[in-house]
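Structural overview
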Amino acid sequence: MAAPAKSLRNVAVLTLGCKLNHADSDALARRFAEAGCAVSEDPRNADAVVINSCTVTHVADAKARQLVRRARRLSPAATIVLTGCYVDSAGQRLSLDEADLIIGNEGKPRVVDMVFRARTGQPPAAEAAGERPGLARLRTRAFVKIQEGCNDVCAFCIVPRVRGPENSRTIADVVLEARQHEAAGVQELVLTGTQLGHYGRDKGWEPGPLKLLQALLRNTAVPRIRVSSLQAQDFSEQLLELWQDPRLCPHFHVPLQSGSEHVLGRMRRRYDPKTYRSAIAMIRRTVPGAALTTDVIAGFPGETDDDFEQTLQLCRDMRFAAIHAFPYSIRRGTAAALMADQVEQDIRDARVNRLIALGRESGRRFRETLVGTHQQVLWEESRENTWIGLTPNYCRVRAVGRGAVNTIDNVRIDGVAGALLTGVIEPRGRALGLAS
């Protein structure tokens, strides 16, 4: 006898990892909402919990397992779904009793259908009739995936294995999604992908990123467009000249990984320290005042003390607004996992701690340069009669005054408080969006 059907009204979608994962989660959330579900990020009392996992390090793997167990503890009767990169990375080694459904990246388009069938015994309606509970406003920014997959073979990276080869969406598709977000009142689009600088390369569209940004600027009116990440070799004067349009956020995330030419070669990165320095100089020359952030790996196999000191010095010279530092993590199936000269874990940890300390100091110095300036801030939340929001150059601001979630106001920056800027909302500041 078949088990009785259960209700599926409340769905929690939880995300680990990169902005590309956030874009995938947003798409899942929209599909659940279209099927009549109320969607949030709160797993308590949910009928189903979808966990979109990351596998870039062993720590990310552990977080995915912990989140599955936490979801089961908070909602014992829920249908728990694990999807994303950890599923593809672990393969047959993955065994989680707490998860009811385990679905890899290729299966993400079928997640909503599979959850409905597992929970209710029926497929979801194409679109729920009448007024839908809808997607709770989780953020004021929308993540738009423009491509995924990677054809590079960086020695440390498992992404090509779990995301597959490069696959770009058409410009028309991206613009259509952007306009849908605009119609919904979103104030900032964040363009995501595995290799944004390779956008269109798999289809022979050259230069893809330039043409896409031109089309978005021409065919949408969203106040802000942010490019989530570009490699050093992706920059050109022609591309950067687009940032003369103030709608493009003056924030560039440019992964470094190492400042040593020797280590970059072993990593199979497609730039050297000289190329990286030239790219940063080009950005600063073309987009004055831009915030520059980066990723750095500490303790890659074969990294010597001198190699690491070169990395520290390059990071000092670049004056980054933020450094995302990680100890090297062995990933099965990558070339680096087979290298004999693995660095001891305690050395990796000590090096990453030095990078984190440098990043904190570098970030503080950058924020201090903004004191006394006026910044356009997109408000995301309020706490204790103050407003928390984000500047175009990706600094978080806490300000007093009259604000509203999902609007943009002019703020006079008057100080730095830890990782936050502080300020006062200008009384005559013009809100650029509509309150949600």
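From a predicted model like this one, the values you see are computed outputs, not experimental measurements.

As summarised here, the arrangement of the 5 strands in space is β14-β15-β16-β18-β17, forming a closed barrel in which the pairing is mixed. When strand polarity is set aside, the average angle formed by the axes of neighbouring strands in this sheet is 50°. Sheet topology note: the strand β16 (residues 396-400)/strand β18 (residues 420-425) ladder contains 4 bridges and is parallel. Counted as the bridge partner of Arg 398 is Thr 422 from β18.

For the structure on display, the rule yields 0 disulfides. Cys 85 takes part in no disulfide bond, and the closest cysteine sulfur to it belongs to Cys 54, at a distance of 6.4 Å. The exposure class assigned to Cys 85 is buried, which follows from its relative accessible area of 9%. Cys 315 forms no disulfide, and the closest cysteine sulfur to it belongs to Cys 154, at a distance of 17 Å.

With that out of the way, let us pick up the confidence of the model for the protein. With 94% of its residues at a pLDDT of 70 or more, the protein has an overall mean of 91. The low-confidence segment residues 128-138 (pLDDT under 50) makes 24 contacts with residues lying over four places distant or belonging to another chain.

Next up on the list: the environment of Val 56. Topologically, Val 56 is positioned in the loop between β3 (48-53) and α2 (58-74). Sequence separation between Val 56 and Phe 252 is 196 residues; the distance between their C-alpha atoms is 21 Å.

Conventions used here
Residues numbered from 1 in each chain as written. Predicted model: local features only at pLDDT ≥ 70, side-chain atom pairs only at ≥ 80, totals over all residues. Heavy atoms only, no water. Pairing = 2+ DSSP bridges. Helix = DSSP H or I, 4+ residues; strand = E, 2+ residues; numbered from the N terminus. Axes fitted to C-alpha atoms, helices over the stretch in contact; angles between N-to-C directions. Disulfide = S-S within 2.5 Å. Buried < 20%, exposed > 50% of the residue type's maximum accessible area, 1.4 Å probe, protein only. pLDDT = per-residue confidence, 0-100. Contact = heavy atoms within 4.5 Å.

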